[in-house]
Amino acid sequence: MISAKMIRMTEGGSAIRAMFEEGARMAARFGQENVYDFSLGNPNIPAPEKVREEIVRIASETDPMELHGYMSNAGYPEVRAKVAASLNSRFGTDFTGDNILMTVGAAGGLNVILKTLLNPGDEVLVFAPYFLEYGNYVSNFDGVLKAIPANIEGNFQPDPEALRAAITPKTKALLLNNPNNPTGVIYTEQTVRAIAAVLEEKQAELGTPIYLISDEPYRELAYDGKEVPYLTNYYRNTLVGYSWSKSLSLPGERIGYVVVPPACDDARLIFDAAVIANRILGFVNAPSLQQRVVAECLDERTDVAAYDRNRRTLYEGLTEAGFTCVYPDGAFYMWMKTPGDDREFSERAKKYNILVVPGTSFACPGYVRVAYCVSYDRIVRSLPAFKKLAAEYGL
Ligand code: PLP
């Protein structure tokens, strides 16, 4: 018999993945162009041309024994140094390569951080709504995920007072995702300062570090010139998990990094333990070719303007149809209020070949997530279907 924990997981499944598969079935039945699949955060914009060029160049110019071999579990020293220098020039930080651990995407990085920090029963706080995989990542290490209810009145900015009330002597970390999946909200500098102040106060009161884990795969996806605060500049005990999955459209390549800043409590110990975690979780090291590729593409940017066009057209279309949405400042998700139960709504939407993910899948019922990392054409063609759906609800 397999593990009891895994039995529960096979029973639970992933609503988002199930929907993705349903989308494929619907496309086979009705034709791709007649299915409005907004379920998955899989970027539709190709990686910048420079990524392909570097893959070809590096693969043809590097000695294969060197290119495909194992390296230090933390990653290539020269790659880590380049990542550190790039962060320093953008955010005024003081990292060196010794603060950077190359990882298998953000998912790999978060698992490395949690393995490094958690004893069984330790609590990890998160603001709802949140990426539901967090619960699985925390449970991998027998931690306890505690969700702080969504601050709907505050337009989904985290509420520092709710954070204060949620912290207990068992709190090991707060996991923060900015820009946010699923709301598209950017947590402002004011919010970040207030969160940092609560964490400082509480860790002093409890006499133990409380780590802030910054999950930032959407960092570069910000619109209208909005700034995404760099959290290590606001709170000493911050650990960063980054990935190029969304920023360079490389989700299948599994490449990212973790930052353990020098000012963090126990920085060296955390880093050394994280390197071991990377190895013994079975990642061993981040993919060798991709490490070299991203190191040459640190100044490359995806086509944010294309996502922005999708964002504006979808927002206008949905509000015109009568829906209420949070106007997203970042990432590529629209957070839409449902007239009635969100699961029932997403089921009804399928009648019009629309696939959206219920807010319940992000621990926040009453909303759905509409992922607009799709072709502009799909957005335009979907709007009459959304109008019909709205009419069903009398909007
Ligand atoms: N964190 C959030 C909030 C995400 O939305 C995702 C992916 O969708 C991840 C982490 C995992 O990203 P990666 O592909 O880099 O593992």
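It should be noted that the structure appears before, not after, this text.
Residues numbered from 1 in each chain as written. Predicted model: local features only at pLDDT ≥ 70, side-chain atom pairs only at ≥ 80, totals over all residues. Heavy atoms only, no water.

Novice: Is there a simple way to think about the site of the ligand in this case?
Specialist: Around the ligand sit 14 residues in total, of which Ala 106, Asp 215, Tyr 218, Ser 243 and Arg 254 are the nearest. One nitrogen or oxygen atom from the main chain of Ala 106 is found 2.8 Å from an oxygen atom belonging to the ligand. A distance of 2.7 Å separates an oxygen atom of the ligand from a polar side-chain atom of Tyr 218. When the free accessible area of the ligand is taken as 400 Å², the share hidden by the protein chains comes to 91%. Of all the cavities here, the one that holds the ligand is the largest pocket. Considering each element in turn, the shell around the ligand owes the most residues, three residues, to helix 6 (residues 105-117). (Near = heavy atom within 4 Å. Polar contact = N/O pair within 3.5 Å; in protein donor to acceptor, adjacent residues only side chain to side chain. Areas by Shrake-Rupley, 256 points an atom, 1.4 Å probe, with all protein chains shown as cover. 1 Å grid on protein atoms, 1.4 Å probe; cavity = no way out; pocket = protein on both sides within 12 Å on 5 of 7 lines; lining within 4 Å. Sits in = over half its atoms within 2 Å of the grid points. Helix = DSSP H or I, 4+ residues; strand = E, 2+ residues; numbered from the N terminus.)

Novice: So what exactly am I meant to see when it comes to the side chain of Gln 157 here?
Specialist: Relative to the assigned elements, Gln 157 resides in the loop between strand 4 (144-148) and helix 8 (160-166). Relative accessible area serves as the criterion here: at 16%, Gln 157 is assigned to the buried category. Within the structure, the side chain of Gln 157 is placed 2.6 Å from the side chain of Thr 191, a separation counted as a polar contact. In this structure Gln 157 touches Asn 151, Val 185, Ile 186, Tyr 187, Thr 188 and Thr 191, once residues within four positions along its chain are discounted. (Buried < 20%, exposed > 50% of the residue type's maximum accessible area, 1.4 Å probe, protein only. Contact = heavy atoms within 4.5 Å.)

Novice: Quick question: what am I supposed to make of empty space enclosed by the protein here?
Specialist: The rolling of a water-molecule-sized probe over the atoms marks out the regions of remaining empty space. Counted according to the given criterion, the structure contains three cavities of 30 Å³ or more. Around the largest cavity sit 16 residues that line it, and Arg 90, Glu 220, Tyr 242, Trp 244 and Leu 298 are the ones nearest its centre. If one sorts the elements of the lining of the largest cavity by residue count, helix 5 (residues 77-91) sits on top with five residues. When its volume is computed, the second largest cavity comes out at roughly 60 Å³. Along the walls of the second largest cavity sit 13 residues, with Phe 127, Ala 128, Phe 156, Gln 157 and Pro 158 positioned nearest its centre. In terms of residue class, the lining of the second largest cavity is made up of eight nonpolar, four polar and one charged. (Points joined across faces, edges and corners; volume = space filled by probe spheres on them. Nonpolar A, V, L, I, M, F, W, Y, C, P; charged D, E, K, R; others polar.)

Novice: Any chance you could explain the side chain of Thr 302 here in plain terms?
Specialist: On the secondary structure map, Thr 302 appears in the loop between helix 11 (288-296) and helix 12 (304-320). On the basis of relative accessible area, Thr 302 is assigned to the buried category, the value being 10%. Ignoring any residue separated from it by four or fewer positions in sequence, one finds Thr 302 in contact with Ile 45, Leu 221, Lys 246, Ser 247, Ser 249 and Tyr 307.

Novice: Any chance you could explain the sheet that holds strand 10 (residues 333-337) here in plain terms?
Specialist: One key point about sheets: their strands pair by backbone hydrogen bonds, in either a parallel or an antiparallel sense. Strands sit in the order 9-10-13-12 across an open sheet of four strands; the sheet is antiparallel. For this open sheet the edge positions go to strand 9 (325-326) and strand 12 (357-358), each flanked by a neighbour on one side alone. Pairing between strand 10 and strand 13 (residues 367-371): five bridges, direction antiparallel. By the bridge assignment for strand 13, Trp 335 is matched with Arg 369. (Pairing = 2+ DSSP bridges.)

Novice: Is there a simple way to think about unusual backbone geometry in this case?
Specialist: It is generally the case that most residues other than glycine have a negative phi and that most peptide bonds are trans. Backbone torsion omega between Ala 128 and Pro 129 reads -5°, so that peptide bond is classified as cis. Inspection of the secondary structure puts Pro 129 in the loop between strand 3 (123-127) and helix 7 (133-140). Residues Asn 178 and Pro 179 are joined by a peptide bond in cis, for which omega reads -10°. Of note, Ser 249 is a non-glycine position whose phi angle comes to about 55°, a positive value. Locating Ser 249 in the fold gives a position in the loop between strand 7 (238-243) and strand 8 (256-259).

Novice: Is there a simple way to think about the pattern of salt bridges in this case?
Specialist: Charged atoms that come close allow side chains of opposite charge to pair. Tallied over the full model, the rule gives 28 salt bridges. The partner of Arg 52 in a salt bridge is Glu 49, with the nearest N and O atoms 3.0 Å apart. Of this pair, Arg 52 and Glu 49 both sit in helix 3 (residues 49-61), separated by three residues, roughly a single helical turn. For Lys 82, the salt bridge is made with Glu 296, and the minimal N-O distance between the two is 2.9 Å. (Salt bridge = Lys/Arg side-chain N within 4 Å of Asp/Glu carboxyl O.)

Novice: How should I be thinking about the sheet that holds strand 8 in this particular structure?
Specialist: Taken together, the seven strands give an open sheet; going across it, the order is 2-8-7-6-5-3-4, and neighbouring strands pair in mixed fashion. Each edge of the open sheet carries a strand with a single partner, namely strand 2 (100-103) and strand 4. Sheet twist, expressed as the average angle between the axes of neighbouring strands with direction ignored, equals 20°. Relative to strand 5 (residues 171-177), strand 3 is paired through four bridges, and the arrangement is parallel. Within strand 5, the position partnered with Glu 123 by the bridge is Thr 171. (Axes fitted to C-alpha atoms, helices over the stretch in contact; angles between N-to-C directions.)

Novice: Just checking my understanding: could you explain the pairing of strand 10 for this structure?
Specialist: The buried fraction of strand 10 amounts to four of the five residues, a majority that puts the element mostly inside the structure. Summarising the sheet, strand 9 and strand 10 pair through two bridges and their orientation is antiparallel. When the sheet's bridge partners are listed, Val 326 is paired in strand 10 with Trp 335. The turn linking strand 9 back onto strand 10 is made up of six residues, and Ala 331 within it adopts a positive phi angle of 55°.

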